[in-house]
Amino acid sequence: MRFVRNEHWTRTAELKTFQEPETHMLNVEQVRRDFPILDVEAHAGVPLIYLDSAASSQKPTAVIEAMNQYYREYNANVHRGIHRLSEDATNAYEEARGRIGRFINAPYEETIFTRNATESINLIAYTWGRANLRAGDEILTTALEHHANIVPWQMIAEMTGATVRYLPFNHEDGTLALDQLPNYLTERTKVFAFTAVSNVFGTIMPVRALVDAAHAVGAIAVVDGAQAVPHKPVDVKAWDCDFMAFSSHKMCGPTGIGILYGKRDLLAAMPPFMGGGDMIRRVTLAGSTWNDLPYKFEAGTPSIAEGIGLGAAVDYLTELGMDNVHAHEAFITNYALEALSDVKGLNIIGPPANQRAGVAAFTLEGVHPHDIAQLLDADGIAVRAGHHCAMPLHKELGITATARASFYVHTTTAEIDALVLSLNKARKTFGY
Ligand SMILES: Cc1ncc(COP(=O)(O)O)c(C=O)c1O
């Protein structure tokens, strides 16, 4: 199989040839045809090289079409209509929920639709947290988290009198300082909230071991799965986590929809998050009672097209095979780390390729990350620059920002080669 290389990328003899490993099972050329945006030019005559999937992924035709079909053929509200359109919409939306749940091995009633991973974590903090946290309790998270897994805990700590503590990370490789875990995870800890994959370092965390450690002190384990679910097989029952959050838009699905997985007993004991239609069983002027799971946590008209779109995204990824998705990303990440090591003055933060997901955040001597992103953009290459919603992580490292390239099912080695060329150009532009 050959990877797509267009003229823009093949202007130089520096491009490497490569042999796909036998375990590498994605037909990337075919996969690329599934994403219409990859045919769009970044600028006139300059093809798009999209290396920003960790911020938000591109969408395959199957997802775009599933949402279009809903709006064109059976658009109606769900759960309340007796008419045909409403029944079709309800069936499509609820069938999507079932398939999304199966994707992470979660039962139907434990699969709750939210707006995104951020809302899922806020839901846990506000409902479980308000009901269970008291002054003197500790919430443990880590110093490398996305703000979505820091700020809600700070807010609920303020309300309840609990304290937030942060497990440090090893600066040299972006792994958690597990040797210090016993000092942080104690009988005072009521929640241990951590990411399964760092959105900056790319570090893949030992989730099951961290969950077991939380349970051993009687704490619940909350997993931020935003950078894990899109990229590797995830089984919440095998992890044994109490809650897990992720977003659709990072896994080929639309924005505006995410998932909270929670263990049934915990969800059943929690008060609702928001009040209104759909989440109630009975309303009287004297008070209200709550609907069954998962609807108890889903107030108001949901994001129907988006739920159907996420269902289509899960079907798409399932058809590719999550083992293949992971294998392809591991291959590309390995290739990228090696190729980027040729760029003088470039420093990649985080662990070696065999411990990281498809993310490479870096600094380039003498060039500010925002300038890097701008110069790469001129060559059609989309990367992210800034703190990536992880200001504490960057502060710990003593830097304000990094540039971040991130990879997905459609990323090719030719695109990585183009990144390397463009970075070398940027370096020369700044006289380094
Ligand atoms: C690790 C991690 N957690 C949480 C989030 C928040 O996701 P969202 O903005 O979709 O809620 C992100 C998004 O970048 C992330 O990378």
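It should be emphasised that the depicted structure is a prediction, and the values quoted were computed from it without experimental measurement.

**Student:** Would you explain the sheet that holds strand 16 (residues 384-386) in this entry?
**Tutor:** Sheet strands pair via backbone hydrogen bonds, and the direction of the pair is either parallel or antiparallel. Taken in spatial order, the 4 strands of this open sheet run 13-14-17-16, and their pairing is antiparallel. The open sheet terminates on both sides in strands that have one partner only, identified here as strand 13 (346-349) and strand 16. Geometrically, the sheet is characterised by an average inter-axis angle of 30 degrees between neighbouring strands, direction not taken into account. With 3 bridges connecting them, strand 16 and strand 17 (residues 402-406) associate as antiparallel partners. The partner of glycine 386 across the bridge, within strand 17, is threonine 402. Against the sheet, helix 11 (residues 322-340) touches strand 13, strand 14 (359-364) and strand 17, its axis set at about 10 degrees to strand 14.

**Student:** How should the domain arrangement of the protein chain be read in this particular structure?
**Tutor:** Reports often express the size of an interface as the amount of accessible area lost when the parts come together. Considered domain by domain, the protein chain is made up of domain 1 (9-51 + 321-429) and domain 2 (63-317). Relative placement of domain 1 and domain 2: their C-alpha centres are 29 Å apart. Every contact between the two is made by 24 residues of domain 1 and, on the other side, 23 residues of domain 2. Broken down by secondary-structure element, the contributors of at least two residues to the side of domain 1 that touches domain 2 are helix 11, strand 14, helix 13 (391-397) and strand 17. The biggest single contributor to the side of domain 1 that touches domain 2 is helix 11, with 5 residues. Its residues assigned to classes, the side of domain 1 that touches domain 2 comprises 13 nonpolar, 6 polar and 5 charged.

**Student:** I would appreciate a short explanation of the packing of helix 2 (residues 61-73) against helix 10 (residues 304-320) in the present structure.
**Tutor:** Remark: helix 2 packs on helix 10, axes separated minimally by 8 Å, with the N-to-C direction vectors making an angle of 145 degrees. Note on packing geometry: the crossing formed by helix 2 with helix 10 is right-handed. Between helix 2, through Ala62, Val63, Ala66, Met67, Tyr70 and Tyr71, and helix 10, the contact on the second element is made entirely by Ile304, Ala305, Ile308, Gly309, Ala312, Ala313 and Tyr316. Along the lines of polarity and charge, the residues of the contact of helix 2 with helix 10 split into 12 nonpolar, 1 polar and no charged.

**Student:** Please clarify how the site of the ligand should be interpreted in this entry.
**Tutor:** In the vicinity of the ligand there are 13 residues, among which Asn116, Thr118, Asn199, Ala226 and Ser247 approach most closely. Grouping the amino acids of the shell around the ligand by side-chain chemistry returns 4 nonpolar, 8 polar and 1 charged.

**Student:** Could you clarify how one ought to interpret the nonpolar core in this entry?
**Tutor:** Nonpolar side chains in soluble globular proteins tend to end up buried together. Counting 126 residues, the largest nonpolar core has Phe192, Ala221, Val223, Ile308 and Ala313 as its most contacted members. Ranked by the residues each element gives to this core, the list is headed by helix 10, at 10 residues. With residues up to four places along the chain from it excluded, the contact list for alanine 313 reads Val63, Ser248, Met251, Cys252 and Gly253.

**Student:** Would you take a moment to explain helix 3 (residues 84-103) for this structure?
**Tutor:** Since one α-helical turn is 3.6 residues long, residues separated by three or four positions face the same way. For helix 3, built from 20 residues, the straight-helix expectation of 28 Å at 1.5 Å per residue is met to within 8% by its first-to-last C-alpha distance of 28 Å. Residues of helix 3 that are buried sit in contact with helix 2, strand 4 (111-114), strand 10 (258-262) and helix 10. Residue asparagine 105 follows helix 3 closely and has a positive phi angle near 60 degrees.

**Student:** It is not clear to me how the pairing of strand 6 (residues 163-167) should be interpreted in this structure. Could you clarify?
**Tutor:** Of the strand pairs in this sheet, strand 5 (residues 138-142) and strand 6 are connected by 5 bridges, and their pairing is parallel. Counterpart to isoleucine 139 in the pairing with strand 6 is valine 164. Since strand 5 and strand 6 lie parallel, the crossover through helix 5 (residues 151-160) that links them has a hand, and here it is right-handed.

**Student:** What am I meant to see in the packing of helix 3 against helix 10 here?
**Tutor:** Two measures define how a pair of helices packs: the angle their axes make with one another and the distance between the axes. Direction vectors running N to C along helix 3 and helix 10 enclose 40 degrees, while the axes themselves pass 8 Å from each other. Judged on the interaxial angle alone, helix 10 and helix 3 are oblique. Viewed along their axes, helix 3 and helix 10 form a crossing whose handedness is left-handed. Here Ala89, Ala92, Tyr93, Glu95, Ala96, Arg97, Arg99, Ile100 and Phe103 of helix 3 come into contact with helix 10, specifically with Ile304, Gly307, Ile308, Leu310, Gly311, Val314, Asp315 and Thr318. When the residues that make up the contact of helix 3 with helix 10 are grouped by side-chain class, the tally is 10 nonpolar, 3 polar and 4 charged.

**Student:** Looking at this structure, I do not really get helix 10. What am I missing?
**Tutor:** Given a rise of 1.5 Å per residue, 17 residues ought to cover 24 Å, and the 25 Å separating the end C-alpha atoms of helix 10 matches this to within 8%. A large share of helix 10 lies buried, amounting to 14 of its 17 residues. Glycine 321 sits one or two positions beyond helix 10 and adopts a positive phi of about 95 degrees.

**Student:** Help me understand the sheet that holds strand 7 (residues 189-195), please; the structure alone is not making it clear to me.
**Tutor:** Taken together, 7 strands build an open sheet; the order of strands is 4-10-9-8-7-5-6 and the sheet is mixed. What marks the edges here is a single partner per strand, and that holds for strand 4 and strand 6. This sheet shows a mean twist of 20 degrees between the axes of neighbouring strands, independent of strand direction. When strand 9 (residues 243-247) meets strand 10, the two strands line up antiparallel, connected through 5 bridges. Paired with phenylalanine 243 across the two strands is glycine 262, which belongs to strand 10.

Rules used throughout
- Residues numbered from 1 in each chain as written.
- Predicted model: local features only at pLDDT ≥ 70, side-chain atom pairs only at ≥ 80, totals over all residues.
- Pairing = 2+ DSSP bridges.
- Helix = DSSP H or I, 4+ residues; strand = E, 2+ residues; numbered from the N terminus.
- Axes fitted to C-alpha atoms, helices over the stretch in contact; angles between N-to-C directions.
- Contact = placed C-beta atoms within 7 Å.
- Domains from an automatic or database assignment.
- Nonpolar A, V, L, I, M, F, W, Y, C, P; charged D, E, K, R; others polar.
- Left-handed = near helix turned anticlockwise from the far one by under 90°.
- Near = placed C-beta within 6 Å.
- Core = buried A, V, L, I, M, F, W, Y, C linked by C-beta atoms within 7 Å.
- Buried ≥ 20, exposed ≤ 12 C-beta atoms within 10 Å, placed from the backbone.
- Expected span 1.5 Å × (residues − 1).
- Right-handed = clockwise from strand over helix to strand, strands pointing away.
- Parallel < 35°, antiparallel > 145°, perpendicular 65-115°, else oblique.

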